[in-house]
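Topology and contacts: notes
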Amino acid sequence: ETGVTQSPTHLIKTRGQQVTLRCSSQSGHNTVSWYQQALGQGPQFIFQYYREEENGRGNFPPRFSGLQFPNYSSELNVNALELDDSALYLCASRRGGATNEKLFFGSGTQLSVL
Amino acid sequence: DQQVKQNSPSLSVQEGRISILNCDYTNSMFDYFLWYKKYPAEGPTFLISISSIKDKNEDGRFTVFLNKSAKHLSLHIVPSQPGDSAVYFCAASAGPTGNQFYFGTGTSLTVIP
């Protein structure tokens with residue numbers, strides 16, 4: 001069984017640039033969520049995709065956008081990067097659309113914005 | 001507004017003793033709770049969960065207790081082992097149609113050999 005994989009593992013960008021992070025969900029999982037974890041904080045929910053549709057969004061501005069593909073892999077796009085976007089970005093997948101299923105996390109992408 | 005709180009940033013315990021990690025929440029709609037463990041440079045790994053219809057769930061050395069009236073849950077690790085040294089996060093979600101988990105800020109556990 002293949003777990004959740006994310007790429008790249010590390011990324012350095014400058015303010016104002018755009019970035020795309022990628023995630024392959026665990027085999028059999030059709031729901032993907034993205035979380036942002038700032039230093040010293042817990043993961044914060046960005047959004048969730050279920051069967052290629054966004055079905056939930058946290059308190060993040062529209063410059064954070066995403067996609068889910070037919071194979072349930074996903075992308076997180078961030079436009080007009082700001083210094084505060086520096087964080088660990090975690091992708092998580094699970095079966096089904098309901099939350100009483102645990103999340104399986106990838107190892108994350110560490111984004112640094114200079 | 002932090003709906004899930006872990007008020008102890010760190011905890012040190014001797015090997016073989018009990019580790020107790022605490023978590024408080026404010027949203028009475030939360031009905032599913034999980035604990036995750038995180039090592040540096042890795043993603044969080046699921047440890048144990050509990051539904052609000054229960055007040056205790058055990059899995060080997062790990063037990064989670066839920067006190068709904070106090071809006072409090074705790075994770076007990078017995079006996080603690082050096083490999084348990086990690087950051088522990090509690091998380092909560094609300095209802096079958098809820099779509100996000102709310103995480104605490106984590107407690108860094110150090111188990112001293």
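Overview of the structure.

Thresholds, definitions, all that
- Residues numbered from 1 in each chain as written.
- Chains lettered and ligands numbered in written order.
- Predicted model: local features only at pLDDT ≥ 70, side-chain atom pairs only at ≥ 80, totals over all residues.
- Heavy atoms only, no water.
- Helix = DSSP H or I, 4+ residues; strand = E, 2+ residues; numbered from the N terminus.
- Rg over C-alpha atoms; globule rule 2.2 N^0.38 Å.
- Buried < 20%, exposed > 50% of the residue type's maximum accessible area, 1.4 Å probe, protein only.
- Contact = heavy atoms within 4.5 Å.
- Areas by Shrake-Rupley, 256 points an atom, 1.4 Å probe, with all protein chains shown as cover.
- Lys, Arg positive; Asp, Glu negative; His and termini not counted.
- Charge placed at Lys NZ, Arg CZ, Asp CG, Glu CD.
- 1 Å grid on protein atoms, 1.4 Å probe; cavity = no way out; pocket = protein on both sides within 12 Å on 5 of 7 lines; lining within 4 Å.
- Points joined across faces, edges and corners; volume = space filled by probe spheres on them.
- Nonpolar A, V, L, I, M, F, W, Y, C, P; charged D, E, K, R; others polar.
- Buried area = accessible area lost by both parts, 1.4 Å probe.
- Salt bridge = Lys/Arg side-chain N within 4 Å of Asp/Glu carboxyl O.
- Core = buried A, V, L, I, M, F, W, Y, C linked by side-chain atoms within 4.5 Å.
- Polar contact = N/O pair within 3.5 Å; in protein donor to acceptor, adjacent residues only side chain to side chain.
- Phe/Tyr/Trp six-rings, centres within 6.5 Å; stacked < 30°, edge-to-face > 60°.
- Lys NZ or Arg CZ within 6 Å of the ring centre and 35° of its normal.
- Disulfide = S-S within 2.5 Å.

Across its full length, chain A holds zero helices and 11 strands. Listed N to C, the secondary structure of chain A is β-β-β-β-β-β-β-β-β-β-β in terms of helices and strands. Its C-alpha atoms give chain A a radius of gyration of 13 Å, within 12% of the compact-globule value 13 Å for 114 residues. Here the C-alpha coordinates of chain A stretch approximately 40 × 25 × 25 Å along the principal axes. Going through the 114 residues of chain A one by one, you find that 49% of them count as buried. Residue pairs at least 24 apart in sequence account for 53% of intrachain contacts in chain A once pairs closer than 6 positions are excluded. Per element, the accessible surface of chain A, about 5,300 Å² overall, is 47% carbon and sulfur. For chain A, the separation between the mean place of its 9 positive charges and that of its 9 negative charges on side chains is 2 Å.

Right, let's get into the layout of surface pockets. Of the voids in this model, the largest pocket is the one considered here, and its volume is about 500 Å³. Lining the largest pocket are 24 residues; nearest its centre among them are Gln-37, Leu-39, Leu-88 and Gln-110 of chain A together with Lys-38 of chain B. Mapped by element, the contributors of at least two residues to the lining of the largest pocket are β9 (87-94) of chain A together with β9 (86-93) and β11 (107-112) of chain B. For the lining of the largest pocket, the class distribution of residues is 10 nonpolar, 13 polar and one charged. Considering only enclosed or pocket space, the second largest pocket measures out at about 340 Å³ in volume.

Right, let's talk about the interface of chain A and chain B for a bit. Of the residues lining the interface, 24 residues belong to chain A; the matching set on chain B comes to 21 residues. Taken together, both faces of the contact between chain A and chain B bury some 1,700 Å²; the carbon and sulfur share is 58%. At the surface where chain A touches chain B, the tally comes to zero salt bridges. Of all the elements in the fold, those that place two or more residues in the side of chain A that touches chain B are β4 (31-37), β5 (44-50), β6 (53-57) and β9 of chain A. Here the side of chain A that touches chain B is built from residues that sort into eight nonpolar, 13 polar and three charged.

This next bit is on the nonpolar core. Nonpolar side chains tend toward joint burial in soluble globular proteins. Residues and elements named next belong to chain B. Among the nonpolar cores identified, the biggest contains 23 residues, and Phe-33, Trp-35, Leu-73, Leu-75 and Tyr-88 are the most heavily contacted of them. For this core, the secondary structure elements donating two or more residues are β3 (19-25), β4 (32-38), β5 (45-51), β7 (62-67), β8 (72-77), β9 and β11. The biggest single contributor to this core is β9, with four residues. Here Tyr-88 is in contact with Gln-6, Leu-21, Trp-35, Tyr-36, Lys-37, Leu-47, Leu-75, Ile-77, Gly-106, Thr-107 and Leu-109, once residues within four sequence places are set aside.

Another aspect to go through is the environment of Gln-3 of chain B. Residue and element names in this part refer to chain B. Along the chain, Gln-3 falls in the segment before β1 (4-5). With 35 residues separating them in the primary sequence, Gln-3 and Lys-38 have C-alpha atoms 20 Å apart. Every residue in contact with Gln-3, bar those within four places of it in the chain, is listed here: Asp-24, Tyr-25, Thr-26, Asn-27, Phe-30 and Tyr-102. Looking at Gln-3, its side chain comes within polar contact range of the side chain of Asn-27, at 3.1 Å.

Under the definition given, this model contains 13 aromatic pairs over all chains. Judged by centre distance (5.5 Å) and plane angle (80°), the ring pair of Tyr-35 of chain A and Phe-103 of chain B falls under edge-to-face. Separated into two different chains, Tyr-35 of chain A in strand β4 and Phe-103 of chain B in strand β10 (residues 102-103) make up a pair that spans both. Given a relative accessible area of 0%, Tyr-35 of chain A falls into the buried group. Taking 6.0 Å as the distance between ring centres and 75° as the angle between the ring planes, the aromatic pair formed by Phe-105 of chain A and Phe-103 of chain B counts as edge-to-face. In this pair, Phe-105 of chain A is assigned in strand β10 (residues 104-105) and Phe-103 of chain B in strand β10, connecting two distinct chains. The buried category is assigned to Phe-105 of chain A, whose relative accessible area is 10%. Stacked on the ring of Phe-46 of chain B, the Lys or Arg Lys-102 of chain A has its end atom at 4.9 Å from the ring centre.

One covalent bond between the sulfur atoms of two cysteine residues makes up a disulfide. Residue and element names in this part refer to chain A. Within the structure shown, the criterion is met by two disulfides over all chains. Here Cys-23 connects covalently by a disulfide to Cys-91, the sulfurs 1.8 Å from one another. Between Cys-23 and Cys-91, the S-S dihedral sits near -65°, and the bridge is therefore left-handed. Of this pair, Cys-23 sits in strand β3 (residues 19-24) while Cys-91 is found in strand β9, placing the two residues 68 residues apart along the sequence. By the burial criterion, Cys-23 is buried, and Cys-91 matches it.

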